[in-house]
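# Summary of structural features
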Amino acid sequence: MDRLSERIRKLPRYLFAEIDKKVKAAREKGVDVISLGIGDPDAPTPDYIIKRMQEEVARASNHNYPPDQGLAEFRQAVADYYLRRHGVTLDPQHEVLPLIGSKEGIAHIAFCFTDAGDVNLVPDPGYPVYGISTLFAGGTPYLLPLLQENAFLPDLESIPVEIARKAKIMYLNYPNNPTGAVAPLHFFRQAVEFARQYNLLICHDAAYSEIGYDHYRPISFLEAEGARDVAIEFGSLSKTFNMTGWRLGYAVGNRTAVEALYRFKTNLDSGVFKAIQYAGVEALVNPQREEFLRSMRELYQRRRDIAVKALSEAGWPVEPPRGTIYLWAPVPAGFTSAEFVSHILDETGVVLTPGRGFGEYGEGYFRIALTVAEERLQEAMERIKKVAKFN
Ligand SMILES: *Cc1c(COP(=O)(O)O)cnc(C)c1O
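Quick caveat: nothing in here was measured; it's all calculated off a predicted structure.

The secondary structure content of the chain amounts to 14 helices and 12 strands. Computed over its C-alpha atoms, the radius of gyration of the chain comes to 21 Å, within 12% of the 21 Å expected for a compact globule of 391 residues. On the principal axes, the C-alpha backbone points of the chain span a range of 55 × 55 × 55 Å. Out of the 391 residues belonging to the chain, those deemed buried represent 55%. Restricting to contacts in the chain with at least 6 residues of sequence separation, those with at least 24 account for 75%. As displayed, the chain has an accessible area near 17,600 Å², and 51% of this comes from carbon and sulfur atoms. One way to put it: in the chain the 45 positive side-chain charges average out to a point 3 Å from where the 50 negative ones average out.

Written out as structure tokens, the structure reads:
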């Protein structure tokens, strides 16, 4: 039996397969591999969240199906967080929806707005889900290059009018994975105008909403005036609270979009385990969160500074990013991104991510994930410095 669907057949080959193979081979040979490849926080979920989970998991009343729209307590906690943190008022009944991790919602929103023949505007380099879900829904991605000379913001004015007219969704993600760029409020305002003009939905991916450095606090897309008329924003507890494995996120914003996603999801999944939603409430409302979030920002900022310093010493022109857990840097002349990453792995046992893995405009760059302890990161950077220079 091999009658696979076109959508599966057409999936791009897994770009990291080659690297994964090499990493495995290196480990088998006894190489001390240091992986700066994965965007998965290394620190544990804080105790105050685990404690609440332990209580809730033991409660029989949490063992059945959760309500379709999610727990009212969780929706309220998200609304409270938006008011406190962004000054944005949300109706927890109609403008907040829990997700099984934000990836799930990001992937499914395309199915609510995109028909065969439609176009979605997809930033490149970017999180691969925007383009893939567009293809799954029968649409065509139109790439928005994120270029260093534009501070990794898409140039909305360069989008051809006939493409903009056909477009149903524009995806945005700030603080940005993989570039570490952040967006100013005036860019979000410009995006709202664009969305109004062409009657399209903005999907803003805010996975790094709490990870900002040098006193920068990431803004919500919904802070832009009129955003609620045109935008849905996806948030996640994964990176913020070291809860990637728990699978908890949320969608907020435009009612029509939130309601459509809700209707789609009730036909596909049955929600998030109630105990996890209660743990999510705890994550967002417990006063200990502030201290915890500060400690995480400080931890990543120290790591960022170690990596930036080492790269600068080796001649790299890197600006310290103001958000995310990544560093995005150009590969030296004479290498493709895949060749450079491969070279570093062979010579040093350090795993980097080739920029090409995030799209064609990622070519020429590599990504460092700040997800290992300081000593290990220091060691990794020393090894890289010994074999590579930026020229
Ligand atoms: C990690 C990540 C996500 C997915 O997070 P989950 O909530 O764990 O599904 C979404 N977008 C970006 C840009 C990410 O880096």
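Taken together, 14 residues lie around the ligand, and Asp205, Tyr208, Ser236, Ser238 and Lys239 are the ones closest in. Between the ligand and serine 238, the relevant distance is 2.5 Å, taken from an oxygen atom to a side-chain nitrogen or oxygen of the residue. Contact between the ligand and arginine 247: an oxygen atom at 2.7 Å from a side-chain N or O atom of the residue. For the ligand, the accessible surface in isolation is 390 Å², of which the surrounding protein chains cover 93%. The dominant element in the shell around the ligand, judged by the number of residues it contributes, is helix H5 (residues 102-113), at 3 residues.

Quick look at the sheet that holds strand S5 (residues 167-173) now. Spatially, 7 strands are ordered S2-S8-S7-S6-S5-S3-S4 in an open sheet, and the strand pairing comes out mixed. Across the chains shown, the open sheet's two edge strands, defined by having one partner strand only, are strand S2 (96-99) and strand S4 (140-145). Adjacent strand axes in the sheet meet at a mean angle of 25°, parallel and antiparallel pairs treated alike. Sheet topology places strand S7 (residues 231-236) next to strand S8 (residues 249-253); 5 bridges connect them, and they run antiparallel. Note on S8: the bridge partner recorded for glutamate 233 is valine 252. Contacting S2, strand S3 (119-124), S5, strand S6 (201-205), S7 and S8, H5 runs over the sheet at an angle of about 160° to S7. Along the sheet, helix H8 (residues 185-198) contacts S3, S5 and S6; its crossing angle with S5, the most-contacted strand, is approximately 170°.

Another aspect to go through is the pairing of S6. In terms of residue burial, S6 counts as a mostly covered element, since 5 of its 5 residues are buried. In S6, alternate side chains face the same way, and those of Leu201, Cys203 and Asp205 on one face and Ile202 and His204 on the other are all buried. Bridge analysis of S5 against S6 gives 5 bridges, and the strand direction is parallel. Considered in S6, the bridge of tyrosine 171 is made with cysteine 203. For the segment spanning S5, H8 and S6, crossover handedness is right-handed. Examined bridge by bridge, S6 and S7 share 4 bridges and lie parallel to one another. Following the sheet pairing, cysteine 203 is matched in S7 by isoleucine 232.

Looking now at unusual backbone geometry. Here the bond from aspartate 124 into proline 125 is cis, since omega is 5°, no more than 30 degrees from zero. Tracing the chain through its elements places proline 125 in the loop between S3 and helix H6 (129-136). Residue proline 175 is bonded to the preceding tyrosine 174 through a cis peptide linkage, with omega at -10°. Within the secondary structure layout, proline 175 lies in the loop between S5 and H8. Although it is not a glycine, alanine 151 sits at a positive phi angle of roughly 55°. Of note, alanine 151 is situated in the loop between S4 and helix H7 (161-166). Phi at histidine 215 is positive, roughly 70°, even though this residue is not glycine. Structurally, the position occupied by histidine 215 is in the loop between S6 and helix H9 (227-230). For histidine 215, a relative accessible area of 82% translates into the label exposed.

Together, Leu4, Ile8 and Leu11 make up a nonpolar patch on the protein surface, roughly 250 Å² of accessible area in all. Relative to the helices and strands, leucine 11 is located in the loop between helix H1 (6-9) and helix H2 (17-28).

Applying the stated criterion across every chain yields a total of 20 aromatic pairs. Here the aromatic rings of tyrosine 130 and tyrosine 171 are separated by 5.0 Å at their centres, their planes lie at 20°, and the arrangement is stacked. One end of the pair, tyrosine 130, is in helix H6; the other, tyrosine 171, is in strand S5, and 41 residues separate them in sequence. Here the two residues tyrosine 130 and tyrosine 171 agree in accessibility, since each one is buried. Judged by centre distance (6.1 Å) and plane angle (75°), the ring pair of tryptophan 328 and phenylalanine 358 falls under edge-to-face. Taken together, the residues span a long stretch of sequence, with tryptophan 328 in strand S9 (residues 326-330) and phenylalanine 358 in the loop between strand S11 (353-354) and strand S12 (365-369) at a distance of 30 residues. Like tryptophan 328, the residue phenylalanine 358 is buried in the burial classification. Among the aromatic side chains, those forming a connected cluster through ring pairs are Trp316, Phe335, Phe340, Phe366 and Phe390.

What counts and how
Residues numbered from 1 in each chain as written. Predicted model: local features only at pLDDT ≥ 70, side-chain atom pairs only at ≥ 80, totals over all residues. Heavy atoms only, no water. Helix = DSSP H or I, 4+ residues; strand = E, 2+ residues; numbered from the N terminus. Rg over C-alpha atoms; globule rule 2.2 N^0.38 Å. Buried < 20%, exposed > 50% of the residue type's maximum accessible area, 1.4 Å probe, protein only. Contact = heavy atoms within 4.5 Å. Areas by Shrake-Rupley, 256 points an atom, 1.4 Å probe, with all protein chains shown as cover. Lys, Arg positive; Asp, Glu negative; His and termini not counted. Charge placed at Lys NZ, Arg CZ, Asp CG, Glu CD. Near = heavy atom within 4 Å. Polar contact = N/O pair within 3.5 Å; in protein donor to acceptor, adjacent residues only side chain to side chain. Pairing = 2+ DSSP bridges. Axes fitted to C-alpha atoms, helices over the stretch in contact; angles between N-to-C directions. Right-handed = clockwise from strand over helix to strand, strands pointing away. Patch = residues over 30% accessible without salt bridge, like charges linked within 9 Å, V, L, I, M, F, W, Y side chains within 5 Å. Salt bridge = Lys/Arg side-chain N within 4 Å of Asp/Glu carboxyl O. Phe/Tyr/Trp six-rings, centres within 6.5 Å; stacked < 30°, edge-to-face > 60°.

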